[in-house]
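The primary structure of each chain is shown beneath.
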Amino acid sequence: RKFGYAIVGLGNYAINQILPAFSECQHACVTALVSGNKEKSNRIAEQYGIEKSHLYSYEDFDKIADDPEIDAVYIILPNSLHAEFTIRAFKAGKHVLCEKPMAVTVEECQNMIKAGKEAGKKLMIGYRCHFDPVTQKAISIACGDQLGKLKIIETTNAQMLNPTDSAGQWRLNKKLAGGGSLIDNGIYGINGSRYLLNEDPIEVKATFVPTDNPIFKEVEDRILWAMFYRSGVVSHGICSYSTNVTSHFSLIGDKATLLLDPATTYWANKVSLRQSMHHISSFKSTFKFDQLNQFSAQLDHLPISIARKSETLATGEEGMQDLRLIKAIYEAAYNNSSVSTDWGDWRQA
Ligand code: NAD
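Every chain's residues receive numbers from 1 upward, in the order its sequence appears when written. At least 70 in pLDDT is required for a residue's local features to be given in this predicted model, at least 80 for side-chain atom pairs to be given and counted, and no such filter applies to totals for whole chains, interfaces and linings, which use all residues. Water and hydrogen atoms were dropped before computing side-chain values, which therefore reflect all heavy atoms in the structure.

Asks: Lay out the domain arrangement of the chain with the relevant residues and their values.
Replies: Note that the domain bounds were set by an automatic or database domain assignment. According to the domain assignment, the chain contains domain 1 (3-126) and domain 2 (132-288 + 323-340). Buried area adds together the accessible area that both of two parts lose upon being put together, with accessible area traced by a 1.4 Å probe. Buried surface at the junction of domain 1 and domain 2, summed over both partners, amounts to about 1,200 Å²; 64% is from carbon and sulfur atoms. Basic side-chain nitrogens of Lys or Arg form a salt bridge, by our definition, when they fall within 4 Å of a carboxyl oxygen of Asp or Glu. Put simply, domain 1 and domain 2 have 1 salt bridge between them. When the shortest N-O distance is used, the salt bridge between Lys-100 and Asp-184 registers 3.2 Å. Think of a polar contact as two N or O atoms within 3.5 Å of one another; within protein, one of them needs to be a possible hydrogen donor and the other a possible acceptor, and neighboring residues in sequence only count if both atoms come from side chains. Across the domain 1-domain 2 interface, the total number found is 6 residue pairs in polar contact (both at pLDDT 80 or more). By the criteria applied, helices consist of DSSP H or I runs no shorter than four residues and strands consist of E runs no shorter than two, each listed in order from the N terminus. Elements supplying a minimum of two residues to the side of domain 1 that touches domain 2: helix H1 (12-21) and helix H4 (106-119). With 3 residues, the single largest contributor to the side of domain 1 that touches domain 2 is H1. Across the side of domain 1 that touches domain 2, the residue classes break down as 7 nonpolar, 5 polar and 1 charged. Each residue is assigned to one class: nonpolar for Ala, Val, Leu, Ile, Met, Phe, Trp, Tyr, Cys and Pro, charged for Asp, Glu, Lys and Arg, and polar for all the others, Gly among them.

What follows is the structure in structure tokens.
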């Protein structure tokens, strides 16, 4: 039989991206829903052919322990609820796929990893870009010699936050979101810099960009950061909650530049290689791919990893490393100082 997921939280991302993606999965299916809204839960259950006996509320969530149709839960809740539901799911004996950011504190991340180990179950974080052929191509070029010596990585991840919809409202609430555009969008630039370079930074610097928009009382709109690596590479990033949606990475070596634009959107990301010749002409090759559903590939990856007894491409440790860096970037911006992130050899090229 297929691997059964319980979807926890029926908001925008769950309804518009994840649930429809099960139709293209080979190994996974949706077998249960967890929601605070009974009417919505019933409606979606009918749409996806889920029996009423597999519908749960946040209060009776722990009863999933007795539901053999559920192999894993996929947590798609506001960020500050990720740790609680991950730990409850492990106590119920289920595997966990948890959305990014993994949690809102490093301590929560540690507790989530510990709970998974104690339960003997897998914890995977929803870093869907790993399952996009554009990202995979970019990683293979970055690891090869086409760029020459890689020196600079630039990342921009921005969107226009809507303060009137509920998804915008919890994102503006520090307690629920844990931070602003950095923890929500900037995380793509942080995670992306690390997987493209296959190295972790040893120092960060950052600054908040001032705003007079009163909606940003609790969380930041724009923040700019630089991460420095032992190899000599610098990656710098900016993210925003008040601009046109943008997702752009460039990797600049001494021989060529790799451009990803868009880099981390849901569909139709693009990667191209640009080499300058004699300062005046350049040629650009854009790689073509069959469109692959990154959401379905991500949903299938967990059961495949469990069957193969292999690590997932997006472990809890990966999610925790991004959160540690996010906290270091906030610290650097608050104190206007550089912060050492030389925590040992987590991932050094
Ligand atoms: P959303 O607001 O649309 O959905 C959140 C759901 O949680 C809603 O159904 C809401 O009712 C429910 N909820 C339960 N308790 C709540 C509470 N106390 N306050 C507010 N809502 C509560 O948000 P979303 O955009 O779907 O984001 C959900 C999670 O998914 C976030 O962690 C976000 O970072 C992540 N996400 C990831 C991606 C990606 O590309 N990987 C994209 C979008 C969102």
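Asks: Hey, could you go over the nonpolar core for me, with residue numbers and the actual values?
Replies: Among the nonpolar cores identified, the biggest contains 97 residues, and Tyr-5, Ile-7, Phe-22, Leu-33, Val-73 and Leu-299 are the most heavily contacted of them. In terms of domain composition, this core takes at least three residues from each of domain 1 (3-126) and domain 2 (132-288 + 323-340). Not counting residues up to four positions away in its chain, the partners in contact with Phe-22 are Tyr-5, Ile-7, Ala-28, Cys-29, Val-30 and Leu-299. Take the buried Ala, Val, Leu, Ile, Met, Phe, Trp, Tyr and Cys residues and link them wherever side-chain atoms come within 4.5 Å; each set so joined is a nonpolar core. Buried means the residue's accessible area, taken with a 1.4 Å probe over protein chains only, is under 20% of the maximum for its type, while exposed means over 50%, and partly exposed covers the values in between. Counting 5 residues, the second-largest nonpolar core is a separate cluster that includes Leu-161, Leu-172, Phe-216 and Tyr-241. Whether two residues are in contact is decided by their heavy atoms: any pair within 4.5 Å suffices.

Asks: Outline the side chain of Arg-194, supporting the account with residue identities and numerical values.
Replies: Turning to its location among the elements, Arg-194 is positioned in helix H8 (residues 181-197). Note on Arg-194: relative accessible area 0%, which makes it buried. There is a polar contact of 2.5 Å between the side chain of Arg-194 and the side chain of Asp-322.

Asks: Account for the pairing of strand S10 (residues 234-240), with residues named and values stated.
Replies: As paired strands, strand S7 (residues 150-160) and S10 are joined by 7 bridges and run parallel to one another. Within S10, the position partnered with Asn-157 by the bridge is Cys-239. With 6 bridges joining them, strand S9 (residues 222-228) and S10 adopt antiparallel strand pairing. The residue bridging Leu-224 from the neighbouring strand is Ile-238, located in S10. In short, DSSP must find at least two bridges between two strands for them to pair. Between S9 and S10, which pair antiparallel in sequence order, lie 5 residues; one of them, Gly-232, sits at a positive phi of approximately 100°.

Asks: Can you tell me about the site of the ligand, naming the residues and giving the values?
Replies: Residues are labelled near a given molecule or strand when at least one of their non-hydrogen atoms is within 4 Å of it. As a structural note, the neighbourhood of the ligand is formed by 23 residues, with Asn-12, Asn-79, Lys-100, Arg-128 and Trp-170 the closest of them. Between the ligand and the protein, one listed contact pairs an oxygen atom with a backbone N or O atom of Leu-10 at 3.3 Å. Here Glu-99 contributes a side-chain N or O atom positioned 2.9 Å from a nitrogen atom of the ligand. In short, Shrake-Rupley with a 1.4 Å probe defines the accessible areas, and a residue's cover is counted only from the protein chains shown. Notes on the ligand: free accessible area 840 Å², of which the protein chains cover 81%. Elements represented by at least two residues in the shell around the ligand include exactly H1, helix H6 (166-171) and H8. Examining the composition of the shell around the ligand, we find that 3 residues originate from one element, H6, more than from any other. Taken domain by domain, the makeup of the shell around the ligand includes at least three residues from each of domain 1 (3-126) and domain 2 (132-288 + 323-340).

Asks: Explain the packing of aromatic side chains to me, and be specific about the residues and the numbers.
Replies: Two measures describe an aromatic ring pair: the distance that separates the ring centres and the angle between the ring planes. Only rings of Phe, Tyr and Trp enter the pairing, Trp through its six-membered ring, and a pair is recorded when the two centres are within 6.5 Å. The plane angle decides the type: under 30 degrees is stacked, over 60 is edge-to-face, the rest tilted. Enumeration according to the criterion identifies 12 aromatic pairs in this entry. Consider the rings of Tyr-5 and Tyr-74, whose centres lie 6.4 Å apart with planes at 50°: the pair is tilted. Of this pair, Tyr-5 sits in strand S1 (residues 3-8) while Tyr-74 sits in strand S4 (residues 72-75), and the two are 69 residues apart along the sequence. One exposure class covers both Tyr-5 and Tyr-74, and it is buried. Seen from their ring centres, Tyr-58 and Phe-85 are 5.7 Å apart, and the 70° between their planes marks the pair as edge-to-face. Within this pair, whereas Tyr-58 is found in the loop between strand S3 (55-56) and S4, its partner Phe-85 is found in helix H3 (residues 82-91), the two being separated by 27 residues in sequence. The class for Tyr-58 is partly exposed, based on a relative accessible area of 23%.

Asks: Go over unusual backbone geometry with me, naming the residues and quoting the values.
Replies: With glycine set apart, most residues show a phi of negative sign, and most peptide bonds adopt trans. Residues Lys-100 and Pro-101 are joined by a peptide bond in cis, for which omega reads -15°. Within the element layout of this structure, Pro-101 appears in the loop between strand S5 (95-98) and H4. Note the cis peptide between Asp-261 and Pro-262, where omega equals -5°. Its place among the elements puts Pro-262 in the loop between strand S12 (257-260) and strand S13 (271-277). Despite not being glycine, Ala-268 has its phi angle at roughly 60°, a positive value. Topologically, Ala-268 is positioned in the loop between S12 and S13. For Asn-336, which is not a glycine, the phi torsion comes out positive at approximately 50°. When its relative accessible area of 67% is taken as the criterion, Asn-336 is described as exposed.

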